[in-house]
Amino acid sequence: EKADDAAKDFLILEKYVNINFMGFHKILKKHDKNSPSRACKQFYINRMHNQAWVRGDYSDVVVRLSAIYSALRNDRTAEETKDASQSFLRSTTKYWVRTEDVSTTKY
């Protein structure tokens, strides 16, 4: 239950970051449209991309959540199943996922 709460909180936080980024981007676009002589979008977008909350790589959080869920399900790791047959057919399917939905898909 606590793992589910942590995962939900993580998704809420990531959506909050994405909404703020998109909102700030739209405000700057509107500003530059209404004041073309004082365009500032490019300057602030470049600065924004350097901020930790924008460029944050949250994959470590996803990996930790995955490990927690794996422990809760009592999944066996690959090292524990060394003697098991390694002959299996891997099938891969690719999907296009919107950037704001990546964490939801991983979760």
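Rules behind the numbers
- Residues numbered from 1 in each chain as written.
- Predicted model: local features only at pLDDT ≥ 70, side-chain atom pairs only at ≥ 80, totals over all residues.
- Heavy atoms only, no water.
- Helix = DSSP H or I, 4+ residues; strand = E, 2+ residues; numbered from the N terminus.
- Expected span 1.5 Å × (residues − 1).
- Buried < 20%, exposed > 50% of the residue type's maximum accessible area, 1.4 Å probe, protein only.
- Arc of directions from axis to C-beta.
- pLDDT = per-residue confidence, 0-100.
- Core = buried A, V, L, I, M, F, W, Y, C linked by side-chain atoms within 4.5 Å.
- Contact = heavy atoms within 4.5 Å.
- Patch = residues over 30% accessible without salt bridge, like charges linked within 9 Å, V, L, I, M, F, W, Y side chains within 5 Å.
- Areas by Shrake-Rupley, 256 points an atom, 1.4 Å probe, with all protein chains shown as cover.
- Salt bridge = Lys/Arg side-chain N within 4 Å of Asp/Glu carboxyl O.
- Lys, Arg positive; Asp, Glu negative; His and termini not counted.
- Charge placed at Lys NZ, Arg CZ, Asp CG, Glu CD.
- Phe/Tyr/Trp six-rings, centres within 6.5 Å; stacked < 30°, edge-to-face > 60°.
- Axes fitted to C-alpha atoms, helices over the stretch in contact; angles between N-to-C directions.
- Parallel < 35°, antiparallel > 145°, perpendicular 65-115°, else oblique.
- Left-handed = near helix turned anticlockwise from the far one by under 90°.
- Nonpolar A, V, L, I, M, F, W, Y, C, P; charged D, E, K, R; others polar.

**Things to note about helix H4 (residues 59-72)**
Relative to the 20 Å expected for 14 residues at 1.5 Å per residue, H4 spans 20 Å between its end C-alpha atoms, a close match to the ideal helical length. Those residues of H4 lying buried are Val62, Leu65 and Tyr69. Mapping the buried residues of H4 onto a view down its axis gives an arc of 65 degrees, with all of them on the same face. Across from the buried face of H4, at angles greater than 90 degrees, the exposed residues are Val63, Arg64 and Ala71. Just beyond H4, the residue with positive phi is asparagine 74, at close to 60 degrees.

**Concerning the confidence of the model for the protein chain**
Here the protein chain averages 77 in pLDDT, while 79% of its residues score no lower than 70. Per-element confidence in the protein chain ranges from a low mean pLDDT of 66 for helix H5 (residues 102-106) to a high of 86 for helix H1 (residues 2-34).

**Comments concerning the nonpolar core**
In this structure, Ala3, Ala7, Phe10, Leu11, Val62, Leu65 and Tyr69 together form the largest nonpolar core, which totals seven residues. With four residues, H1 is the largest single contributor of residues to this core. Ignoring sequence-local partners within four residues, the contact set of leucine 65 consists of Ala3, Ala6, Ala7 and Phe10.

**A closer look at a positive patch on the surface**
On the surface, a cluster of positive charge is made up of Lys26, Lys29, Lys30 and Lys33. Within the fold, lysine 29 resides in helix H1. The exposure class assigned to lysine 29 is exposed, which follows from its relative accessible area of 53%.

**Description of the packing of aromatic side chains**
Inspection of the entire model under this criterion finds one aromatic pair. Considering the side-chain rings of phenylalanine 43 and tyrosine 44, the 5.0 Å spacing of their centres and the 75 degrees angle between planes classify their relative orientation as edge-to-face. Of the residues examined, phenylalanine 43 reaches a relative accessible area of 48% and is grouped as partly exposed. When its relative accessible area of 36% is taken as the criterion, tyrosine 44 is described as partly exposed.

**A closer look at the packing of H1 against helix H2 (residues 41-49)**
In the contact formed by H1 and H2, the axes pass within 9 Å of each other and the chain directions differ by 165 degrees. When the axes of H1 and H2 are compared, the pair comes out roughly antiparallel. Seen from above, H1 lies across H2 with right-handed handedness. Counted together, Phe21, Phe24, His25, Leu28, Lys29 and Asp32 of H1 and Lys41, Tyr44, Ile45, Met48 and His49 of H2 form the full contact between these two elements. Within the contact of H1 with H2, the residues separate by chemical class into six nonpolar, two polar and three charged.

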